[in-house]
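# Inside the fold
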Amino acid sequence: MARIKYIFRDGWRLIWRHFGMSLLTIFTAMAVFFVIGSTMLFILNIRNIIGTMENQLSIQAYLKADSDIEAAAKSVRAMSGVQSVNIITKETALERLRARLGNQANAVTLLGDNPLPSSLEVRVERAAQVADIARRLITLSAVEDIVYAGHVAEKLTRLSRFVEHFSVVMLIMALAASGVVLFNTIRISVYSRADEIDVMMKVGATSTYVAFPFVIQGFILGLLGAVTASAALGYAYFSALVPLREMLPFIPFIESKRLLFTLSLVLICCGAVVSLFASLVAVEKFIRKAAKPL
């Protein structure tokens, strides 16, 4: 128990003894984790926009005149990757045509009998599934023809893959940068107490006893930086969200406070884990060197 008290007491003492360096470390860690959080929020918003566009992407399957609409709709709903199926009767199709024509809607009466076919409006779960579902639809006996935005679906698929790869690369780079910053800070603290550590090792102190105050120091500084970054990110994002919605009302920005809270927890956990790992590596290298016999 006394050893644990010493470790935590000495960890805090290291922070206060090098207060300027500790403050700089907290600020640097905050900046790094703020960038990580901003990058993640940007990626999440891009993926939300792509997801919204994918949900609006549909395949129009035109049915033969003598086909059973309900049976055809049931067959399509059973397909994997299909999100929803909306039945468009001949009458509904004619009403939509009138709405599109606007002032010229009376021209529809010149058509006589309704020549428009019934159809199914099929929405898919992901843009990458559009081409496959379209191929399966055209094989159905009740389907006469299909229409869909193939080029749009292809571009959305490529964009979605790029965002996924970009998010992984950016996250790894940001975490590596935060680890390097914390590693160098702890290493400076260790070297500033090189003589003291050397004496402690010579009188028989264990490596764990010597190293853990520095590990606690790095852990606390990284954690404080991550917590500060999470609070600053939440305030900055929701402050910017109001003018962004006014300028770009057609873009579906993420507004979920629960999601932002989850992101904050992820940032704090990342701060704790990265700082702990960086501290352990920095201290272990020095202790191993100091423990070598002359």
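Calculation rules
- Residues numbered from 1 in each chain as written.
- Predicted model: local features only at pLDDT ≥ 70, side-chain atom pairs only at ≥ 80, totals over all residues.
- Heavy atoms only, no water.
- Pairing = 2+ DSSP bridges.
- Helix = DSSP H or I, 4+ residues; strand = E, 2+ residues; numbered from the N terminus.
- pLDDT = per-residue confidence, 0-100.
- Buried < 20%, exposed > 50% of the residue type's maximum accessible area, 1.4 Å probe, protein only.
- Arc of directions from axis to C-beta.
- Contact = heavy atoms within 4.5 Å.
- Polar contact = N/O pair within 3.5 Å; in protein donor to acceptor, adjacent residues only side chain to side chain.
- Salt bridge = Lys/Arg side-chain N within 4 Å of Asp/Glu carboxyl O.
- Core = buried A, V, L, I, M, F, W, Y, C linked by side-chain atoms within 4.5 Å.

## Details of the pairing of strand β1 (residues 58-63)
As paired elements, β1 and strand β3 (residues 119-124) share five bridges and run antiparallel to each other. Residue pairing for β3: Y62 is matched across the bridge by S119. By the bridge criterion, five bridges tie β1 to strand β4 (residues 143-148) in an arrangement that is antiparallel. For I59, the partnering residue across the bridge sits in β4 and is Y148.

## A word on the confidence of the model for the protein
As a note on interpretation, predicted positions should not be read in detail where pLDDT is low. The share of residues in the protein with pLDDT of 70 or more is 77%, and the mean pLDDT across the chain is 76. The spread of mean pLDDT over the elements of the protein runs between helix α1 (residues 2-17), the lowest at 65, and helix α3 (residues 69-77), the highest at 86.

## Notes on α3
Regarding α3, the residues found buried are A72, A73 and V76. All buried residues of α3 project into a common sector of 100 degrees when viewed along the axis, lining one side. The outward face of α3, more than 90 degrees from its buried face, is lined by the exposed residues E70 and K74. Looking at the buried residues of α3, the elements they touch are β1, β2 (82-88), β3 and α5 (130-138). Looking at where α3 begins, the residue whose side-chain oxygen comes 3.2 Å from the main-chain nitrogen of E70 is D68.

## Brief notes about the pattern of salt bridges
What the rule picks out here adds up to four salt bridges. We note a salt bridge from R123 to E121, for which the minimum N-O separation is 3.9 Å. The partner of D132 in a salt bridge is R135, with the nearest N and O atoms 3.9 Å apart. With a gap of three residues between them, D132 and R135 both fall in helix α5, about one helical turn apart. Take R135: its relative accessible area is 53%, and that puts it in the exposed class. A network of salt bridges, in which partner residues are shared, links D132, R135 and R136.

## A look at the nonpolar core
Among the nonpolar cores identified, the biggest contains 21 residues, and I59, V76, V82, L120, V122, L137 and I146 are the most heavily contacted of them. If you list the elements that add at least two residues to this core, you get β1, α3, β2, β3, α5 and β4. Looking at this core, the element that brings in the most residues is α5, giving four residues. Sequence-distant contacts of V122, that is, excluding residues within four places in its chain, are made with L57, S58, I59, V76, V82, S84 and L137. Within the second largest apolar cluster, 16 residues are counted, among which are V32, A226, A229 and I254.

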